[in-house]
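# Close look at the chain arrangement
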Amino acid sequence: MASSAKSSTSTSSPQRSLSAWSPLGGERFYAVARWILIVLLGVVTQFLTNGGLWPVTADVTILEGIFWLYAGFTVIVSILTFLPFAANLVSLSYLFDIGFISLMTFFGGERIVIFFPLYLVPLTYAAIRQPLSISILSGLLAAITYGAAFIGWRRLIAPDTLMTLLDYVALAVRGFTLAIVPWVTGNLAERQSETNRQRVLLAQREAEQALDEARTYRDQMRSLYHVALALGGTADYRQVLDTLLRESQTIVPYRAGIVLFASGQPNELYVAFGSNLAPGDLNRSLQMDAGLAAALRGNTAQVITSFAQFPSLQEINTLRNCKAAALLPLQAGMRVYGLFVVATDQVLSTDQVEMLMALANYAIVALHNAQLIYDLKEEREKLLSREEEVRHQLARDLHDGPAQAMAVITMKAEFIKRLLERDPAQALAELDELSAIAKRTNYEVRTMLFELRPLMLETQGLKVTLEQYLERLRAKAGDTAIILEGSDIEQVRLGSKVEGALFNIIQESVTNAIKHAKARNIWVRLRHLPNQMLEVVVQDDGVGFDKAAVLKSYERRGSFGLLNIDERARLVGGRAEIDSAPGQGTRITIFVPVES
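Just so you know, the residues in each chain are numbered from 1, in the order the chain's sequence is written. Predicted model: local features are reported for residues with pLDDT of at least 70 only, side-chain atom pairs are reported and counted for 80 or more only, and whole-chain, interface and lining totals are derived from all residues. The side-chain numbers reported here are obtained from all heavy atoms of the structure, hydrogens and water having been left aside.

### Considerations on the overall build of the protein
- Within the protein, the secondary structure is distributed over 17 helices and eleven strands.
- In this scheme, a residue with accessible area under 20% of its type's maximum is buried, one over 50% is exposed, and one in between is partly exposed, where area comes from a 1.4 Å probe on protein chains only. When each of the 596 residues of the protein is scored for burial, the buried share is 40%.
- In the protein, of all internal contacts separated by at least 6 residues, the share reaching a separation of at least 24 is 62%. The secondary structure listing takes helices from DSSP runs of H or I that are at least 4 residues long and strands from runs of E that are at least 2 residues long, numbered from the N terminus. Residues count as neighbours in contact if any of their non-hydrogen atoms are within 4.5 Å of one another.

Structure below.
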């Protein structure tokens, strides 16, 4: 505590010393100016006394005596400027300067006009350091003493000197000049000081504004950082949207925040999430107008001050009384999730819109990650279900095919063993039948292996593999004709994964057509397109199906039929289209990339 007090004392002592010395700063400068004035007066006196000022002798004239008195006074005042207690006395020393100059003017003889400019030094000091009223009085005092010295010399010392009207006019002009110098100088100094004060105040305000903006920017950056951390750690899209709306409120005190998502219907959006929504607005469907379509396609935020070009948004009750809004597209790459609408009652600044866009970009990344995680989970579930379905299908095929055949072969073998003892001729006939069953079973097993993993895909390509596979399939197709078309694809090269996925899609499409379509013809067409894509069409003239009805019941059915074809095509960088209607057959078109 003692050291702290000592430190405080030592710190405050220089501050008191500086504050005590600061009023004398102007006086010390004026002391320097006074010494310059002494030098000028010395030169003038030396000139007026014809060199009698220096060296100093016993025969000192009155003018020389006044000069040396003034010099001594200047020495004393110069010393007092370094003594804080003498500040008030020193500040009035300029009056003595006026007095000494007036005395020297009085005894200066005919050349007294030369002393006139010397009055300007103390009068300028008075104008700057004293209040305006005192400085004006000082100017009047200087004018009066100068006029009195001029006239007094003429009347008392040199009464024979002729005074003309011009002399009196010149005296009046010089007196008037001395009288107004403090007023003019004081006002100029005051105006300059006021200008400087205004500049200082303006600079302070600008500095404070810049500091506030820097603090605001820092807080916004800190908010964005926390938002990024919060959004990066969640895979729940509801939490992402809730964070987006909450943090947007800190950037823009909006009247309403709304997130619009695609509803799944053509050109339709719906209110998926929102803050400060009016009753009935949540889940409201909107037909997408031209303005919304343009906002969705844009890469930057769109600020609007009128909803006239957005009739769809006017259907939302919350937005009807809002004056302005920012439309921020929620996009990740080529995928458009929807639109974020921030509606306010004030004009949005550029900085606010940029911060909202940055916040929306963070939310887009989080939404995209959440979607990817959801898609991965769905794909995992589908793959597991697909694997389970394949296992069940393989078990059924083995049970209905090779397993049954093996049971028949076993029974035939036992039966033939007994016939060899009783009827050898009949045994030979049974052996022929047993051989046919074994060959047919072997063929079915090889076909199943071919369907599971056609090795010739890696050696002979897709077309040859399809020819071999469809040839085997025609035996099971009955009266259904399977036609393969594609003469320009011999040189087409596909990746191994693409070929495998494409073969499985064709296999499933043809198998489904045989089992369910009741078609007379099934066409498999392959065509190499100019844009380095391979088009594969699997078409039948069967009974077809209602695609919309199948879509509605697809989640309940849980099977992996035709509707999963597009998902498997997208896994290898392609896409698929399915067209069907009752009584009009089914057409499946697959596009996959060709290797350069």
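### Details of unusual backbone geometry
- Unlike most non-glycine residues, Asn267 shows phi in positive territory, near 55°.
- Summarising the element assignment, Asn267 is placed in the loop between strand 1 (256-262) and strand 2 (268-275).
- Even without being glycine, Asn283 reaches a positive phi, approximately 70°.
- For Asn283, the location among the structural elements is in the loop between strand 2 and strand 3 (285-287).

### Quick notes on the packing of aromatic side chains
- Two rings from Phe, Tyr or Trp (for Trp, the six-membered ring) form a pair when their centres are within 6.5 Å of each other. A pair whose planes differ by under 30 degrees is stacked, one over 60 is edge-to-face, and the rest are tilted. Inspection of every chain in the model, using the stated rule, returns eleven aromatic pairs.
- On the numbers, 5.7 Å between centres and 55° between planes, the contact of Tyr94 with Tyr125 is tilted. Taken together, the residues Tyr94 in helix 5 (residues 93-106) and Tyr125 in helix 6 (residues 120-129) connect sequence positions 31 residues apart.
- By relative accessible area, which is 1% here, Tyr94 ends up buried.
- Taking the relative accessible area as the measure of exposure, Tyr125 reaches 6% and is therefore buried.
- One aromatic cluster is present, built from ring pairs that chain together Tyr70, Phe73, Phe96 and Phe100.
- Sitting over a ring, as applied to charges here, requires NZ of Lys or CZ of Arg to be within 6 Å of the ring centre and within 35 degrees of the ring normal. For Arg174, the ring lying beneath its charged end belongs to Phe150, and the centroid distance is 5.7 Å.

### Considering the sheet that holds strand 1
- Sheet architecture is open: six strands sit in the order 3-2-1-6-5-4, paired in antiparallel fashion. In the strand order of this sheet, the two ends are held by strand 3 and strand 4 (302-304), each with one partner. Ignoring which end each strand starts from, the neighbouring axes of this sheet average 30° apart.
- Relative to strand 3, strand 2 runs antiparallel, the two being bridged by three bridges. By the bridge assignment, Tyr270 is partnered in strand 3 with Ser285.
- Taken strand by strand, helix 9 (residues 237-251) contacts strand 1, strand 2 and strand 6 (335-344), and its axis lies near 65° from that of strand 2. Only strands that DSSP links by at least two bridges are regarded as paired with each other. Between N-to-C directions, angles cover 0 to 180 degrees, with each direction set by a line fitted to C-alpha atoms, over the stretch in contact for helices.

### Re the confidence of the model for the protein
- What pLDDT reports is the predictor's confidence in each residue, on a scale of 0 through 100. Here the protein averages 79 in pLDDT, and 86% of its residues register 70 or above.
- Mean pLDDT across the elements of the protein ranges from a minimum in helix 1 (residues 2-21), with 42, to a maximum in strand 11 (residues 586-593), with 90.
- In this model, residues 1-24 is a region of pLDDT below 50 whose contacts with residues beyond four sequence positions or in other chains number nine contacts.
- This model gives residues 556-560 a pLDDT under 50, and the stretch forms ten contacts once residues within four places in sequence are excluded.

### A few points about the packing of helix 3 (residues 62-80) against helix 5
- In contact at an axis separation of 10 Å, helix 3 and helix 5 are set at 170° when each is read in the N-to-C sense. Taken together, the axes of helix 3 and helix 5 lie roughly antiparallel to each other. The handedness of the crossing between helix 3 and helix 5 comes out as left-handed. Across the interface between the two elements, Leu63, Ile66, Phe67, Leu69, Tyr70, Phe73 and Val77 of helix 3 pack against Ser93, Phe96, Asp97, Phe100, Leu103 and Met104 of helix 5. Orientation is classified from the angle alone, with under 35 degrees giving roughly parallel, over 145 giving roughly antiparallel, 65 to 115 giving roughly perpendicular, and any other angle giving oblique. The handedness criterion is simple: a crossing whose near helix is rotated anticlockwise from the far helix by less than a right angle is left-handed, and one whose near helix is rotated clockwise is right-handed.

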